[in-house]
Amino acid sequence: MGFLKEVFRIAGIVAETAVYAVGTVAAWVGEKAVYLAGVARKAYNDYKQRNIPLEKRRNRSRLEDVNEQILDLQRKKRRDRSLNEYDQYELKRLKKERDRLIDESMEHYEAESAREIASSPGEFEDVEIDSSNLHIVQFHVGQTVSNKKCLCGRPMILQWQRGTTSASSFHDFFWGCSGYYSGECNRKQPFHASDARYFTKTSRPEFQLTSKQLSSIALAPVSQQLIQTRMNKLRNEVIEKYLCPEHGVELVLKPKKDAEGLLDLYFLGCPHWTPGGEGCSYVMKLKSPAQLASVLETTTGKGLL
Ligand SMILES: [Zn+2]
Ligand SMILES: [Zn+2]
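This write-up is about the structure you can find in this document. (Residues numbered from 1 in each chain as written. Chains lettered and ligands numbered in written order. Predicted model: local features only at pLDDT ≥ 70, side-chain atom pairs only at ≥ 80, totals over all residues.)

## A word on the overall build of the protein
So, point 1. Regarding its fold elements, the protein presents 8 helices and 12 strands.
So, point 2. Considering only contacts in the protein between residues 6 or more positions apart, those separated by 24 or more positions represent 62%. (Helix = DSSP H or I, 4+ residues; strand = E, 2+ residues; numbered from the N terminus. Contact = placed C-beta atoms within 7 Å.)

## Digging into the packing of helix H3 (residues 52–80) against helix H4 (residues 85–119)
So, point 1. Two numbers describe how H3 lies on H4: the axes approach to 9 Å, and their chain directions differ by 155°. With respect to H4, the element H3 is oriented roughly antiparallel. In the packing of H3 onto H4, the handedness of the crossing is left-handed. (Axes fitted to C-alpha atoms, helices over the stretch in contact; angles between N-to-C directions. Parallel < 35°, antiparallel > 145°, perpendicular 65-115°, else oblique. Left-handed = near helix turned anticlockwise from the far one by under 90°.)

## Some details on the sheet that holds strand E6 (residues 173–177)
Strand pairing within a sheet occurs via backbone hydrogen bonds; the two strands may be parallel or antiparallel.
So, point 1. With antiparallel pairing, 3 strands are arranged side by side in an open sheet as E5-E6-E7. Since the sheet does not close on itself, it has two edges, and those belong to strand E5 (156–160) and strand E7 (188–190), each with one partner. Neighbour-to-neighbour, the strand axes of the sheet open up by a mean angle of 30°, direction not taken into account.
So, point 2. Where E5 meets E6, 5 bridges bridge the pair, whose relative direction is antiparallel. Residue pairing across strands places methionine 156 opposite cysteine 177, the latter belonging to E6. (Pairing = 2+ DSSP bridges.)

## Some points on the pairing of E6
So, point 1. Only one face of E6 is buried, namely the one carrying Phe173, Trp175 and Cys177, since none of Phe174 and Gly176 on the opposite face is buried.
So, point 2. Two strands pair when backbone bridges link them, and E6 and E7 are joined in this way by 3 bridges, in the antiparallel orientation. Bridged to tryptophan 175 within E7 is glutamine 189. (Buried ≥ 20, exposed ≤ 12 C-beta atoms within 10 Å, placed from the backbone.)

## Digging into helix H6 (residues 211–218)
So, point 1. Within H6, the full set of buried residues consists of Ser211, Leu214 and Ala218. The arc enclosing the buried residues of H6, seen along the axis, measures out at 65°, which places them on a common side.
So, point 2. At its buried positions, H6 is contacted by helix H5 (135–139), helix H7 (221–232) and helix H8 (289–300). (Arc of directions from axis to C-beta.)

## With respect to the nonpolar core
So, point 1. Core analysis: the biggest nonpolar cluster contains 51 residues, and Cys244, Leu251 and Leu268 have the highest contact counts within it.
So, point 2. Setting aside residues no more than four positions away along its own chain, leucine 268 makes contact with Ile239, Tyr242, Leu251, Val252, Leu253, Met284 and Leu286.
So, point 3. Counting 5 residues, the second largest nonpolar core, distinct from the first, contains Leu101, Ile102, Met106 and Tyr109. (Core = buried A, V, L, I, M, F, W, Y, C linked by C-beta atoms within 7 Å.)

See the structure below:
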């Protein structure tokens, strides 16, 4: 059982109704969210004995091994057009192990989230989203989310509709199955009003503004310049809290060639991407000021403001 799932159980929240972006502790939990802070604090205290940074390092190193072995077998399959029985079995086993490692890494993020709640009392609140503060949803787009599973069993990822430049309603968001990127599942689910209650760190300066205010501040020429300078320093850096849904490893920040402005300039890509097109094609575009704020906050501790 995931760590936050256990927290929700203690708080009396039906875990199936709670969806949360583990990285930034957003939760779609309905009216019980107010109890969460206290319960998370208590649960985190019980959890402290574990050495999360060490567990995380071990998890990543094993995950990379497993990814490499899977990749080798997939190459072999392409080369020979098929795998022998032993390799088929091995590939299945490795994929199962990878799923388990990804679940474990989500749990690490959840524990870190709980630590954040525990160490910043009063900064987390229940927020209801409407058209004036949709940037709070945008902030969590593409982050690894717990507890929102597709019919096929894979996790779902919060996304924007293609071609949307500024979200103005819930219809601009949807849940997409993470199996889409490996061509195995393309199910989608609409983003409902009931998904739009967040338990999140409302003390963020960005969250104290309306979506419109944040956009006009971030897109003023002087701020664009500043944001680009800060983002360029993170080029090729690993961005915590954003995982490739297939490989389970943290994504890497990249600038796009021939971009049409700041909101077209950066994306997160999987480190298993290769120029030949055989590697992982998972990409998360950073096309809103709120997503830029989220990446900057994750890496430098300070968002846009
Ligand atoms: Zn699916
Ligand atoms: Zn990948």
